[in-house]
Amino acid sequence: MKKIINHLKNSNHIIIASHKDPDGDAIGSLIAMGLALEALNKNITLYNESPIPSAYRFLPSVERIVRQIKGTNTYDTAIILDCADFQRIGKLSSVISKIPVIINIDHHITNTIFGNFNLIDTSACAATVIIYNLLKEMALPINSAIATSIYTGILTDTGSFRFSNTTKSAFAICEKMVEAGVDPYNVAMHVYGRYSLGQIKLLNMALESIEISDNGKMSIMILTKNMIDETGTRPEDIHGLINYAKSIENVKLAALIHELSNGKGVSKKPENYHVSLRSDGTVDVAMIAGSFGGGGHYRAAGFNIESTLSDIKTQMLNIAVEL
Ligand SMILES: [Mn+2]
């Protein structure tokens, strides 16, 4: 951490990026880090490839996050947040990799240690926890905007303090964030409060799609491009739906097979899918995802696969037999 702090003090043009298809932690850590470094008079660019889900558009300075950059010549440093591997940034990862110094800040156990400097804390429930510790070490002030971003990362990555990663320090930091000006009710209202009609209809389709393995230990949920189109929702609206499949009695492992919408023109089989995996705590889904070239946490992981829907289902059900 000392080396990172020294480097940040001496750098001037910093791009900060987090993973595509961002969640509350990816966006919260991006904003918290950016605003804190701006207080040090650094020139900051906040980058994320994907549109910001509507639930997080209330975050302070969220409009500062850009989806495009004009080349990387001016940057001396890139800070990559909440990314288990460098490619999680998305399309621009190869461009960003040319920036002289890469700082990797993350909490995924599968992190590939891709940075020139790496600040990995797998015991942190959210990347914003690591940012909080970094800001404390740097003696940087935490205003209510930064506090709201840190709080949102912890709230969403712990599933509102319900997941097994919810620790004493998660509450301790959140308490400090509330003292610094966070309004928990306001954050919860935005993050969980409102759904469009399309989102509710998508939820209905997702629930309808659930299938259970013969032994009852695995649930499979399917979301197709058509469902997204039909309900007028966006791919980011899928976030969290898998928790319904996970919450079914006796289910140890839930899989959400999601058809990716990157097929242009005449698409021919096989298609691209993303498979999200969630475990009840008795199955290591990071390992399963890893065997398909993906990654993540012990209880939450995922991978991309190019195949047919029926083939992916068969592969998943083969795993169910072993549970
Ligand atoms: Mn995270």
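One can find the structure itself at the top, above this paragraph.
Before going into details, it helps to say that this report is about the structure given with it. None of the values given here were measured: they were computed from a predicted structure. (Residues numbered from 1 in each chain as written. Predicted model: local features only at pLDDT ≥ 70, side-chain atom pairs only at ≥ 80, totals over all residues. Heavy atoms only, no water.)

What follows concerns the nonpolar core. Taken as a class, soluble globular proteins show a tendency for nonpolar side chains to be buried jointly. Of all hydrophobic cores here, the largest spans 52 residues; its most connected members are I16, M33, I79 and I105. Broken down by element, this core gets its largest block of residues, eight residues, from helix 2 (residues 24-38). With residues up to four places along the chain from it excluded, the contact list for I79 reads L8, I14, I15, I16, A17, M33, L37, I103 and I105. Formed by 20 residues, the second largest nonpolar core is a distinct cluster that contains M218, L253, I305 and M316. (Core = buried A, V, L, I, M, F, W, Y, C linked by side-chain atoms within 4.5 Å. Buried < 20%, exposed > 50% of the residue type's maximum accessible area, 1.4 Å probe, protein only. Helix = DSSP H or I, 4+ residues; strand = E, 2+ residues; numbered from the N terminus. Contact = heavy atoms within 4.5 Å.)

When you line up the elements, Q199 lands in helix 8 (residues 197-208). Ignoring any residue separated from it by four or fewer positions in sequence, one finds Q199 in contact with R194, T233 and D237.

With that settled, the discussion passes to the coordination of the manganese ion. Distances from the manganese ion to its protein donors, D25 (OD), D82 (OD), H107 (NE2) and D157 (OD), fall at 2.1 to 2.3 Å. Along the chain, the residues that donate to the manganese ion are spaced as D-x56-D-x24-H-x49-D. Of the two residues, D25 sits in helix 2 while D157 sits in helix 5 (residues 144-157), which places them 132 residues apart along the sequence. Each member of the pair D25 and D157 is classed as buried. (Donors = N, O, S within 2.8 Å, 3.2 Å for Na, K, Ca; no water.)

This paragraph deals with helix 12 (residues 309-321). A rise of 1.5 Å per residue sets the reference length of helix 12, with its 13 residues, at 18 Å; its end C-alpha atoms lie 19 Å apart and thus fit the reference within 8%. Listing the buried residues of helix 12 in full gives I312, M316, I319 and A320. For helix 12, the buried positions fall inside an angular range of 105° around the axis, keeping them on one side. Along helix 12, exposed side chains directed more than 90 degrees from the buried face belong to S310 and V321. For helix 12, the secondary structure elements touched by its buried residues are strand 8 (218-223), strand 9 (253-259), strand 10 (271-279), helix 11 (285-291) and strand 12 (300-307). (Expected span 1.5 Å × (residues − 1). Arc of directions from axis to C-beta.)

Strand order across the open sheet formed by six strands is 7-8-9-10-12-11, with mixed pairing between neighbours. The open sheet has two free edges, formed respectively by strand 7 (211-212) and strand 11 (295-296), since each of these has just one partner strand. Pairing of strand 8 with strand 9 involves six bridges; the strand directions are parallel. Across the sheet, residue I220 finds its bridge partner in strand 9, namely A255. (Pairing = 2+ DSSP bridges.)

Moving on to the sheet that holds strand 5 (residues 101-106). On the basis of which strands lie adjacent, the open sheet formed by six strands has the order 3-2-1-4-5-6 and parallel pairing. Edge strands, defined here as strands with exactly one partner in the open sheet, are strand 3 (65-66) and strand 6 (117-120). Pairing analysis gives five bridges linking strand 1 (residues 13-18) to strand 4 (residues 77-81), with the strands arranged parallel. Its bridge partner lying in strand 4, I16 is registered against I79.

On to the pairing of strand 9. With seven of its seven residues buried, strand 9 lies for the most part within the structure. Residues of strand 9 alternate between two faces, with L253, A255, I257 and E259 on one and A254, L256 and H258 on the opposite face, all of them buried. Bridging between strand 9 and strand 10 involves seven bridges; their strand directions are antiparallel. Its bridge partner lying in strand 10, H258 is registered against H274.

Checked against the element boundaries, H274 lands in strand 10. For the pair H274 and L260, spaced 14 residues apart in the sequence, the C-alpha separation amounts to 6.5 Å. The residues touching H274, leaving out its near neighbours within four places in the chain, are L256, I257, H258, L260, G302, F303 and N304. At 3.3 Å, the side chain of H274 and the backbone oxygen of F303 are in polar contact. Reaching out from H274, the side chain makes a polar contact with the side chain of N304 at a distance of 2.8 Å. (Polar contact = N/O pair within 3.5 Å; in protein donor to acceptor, adjacent residues only side chain to side chain.)

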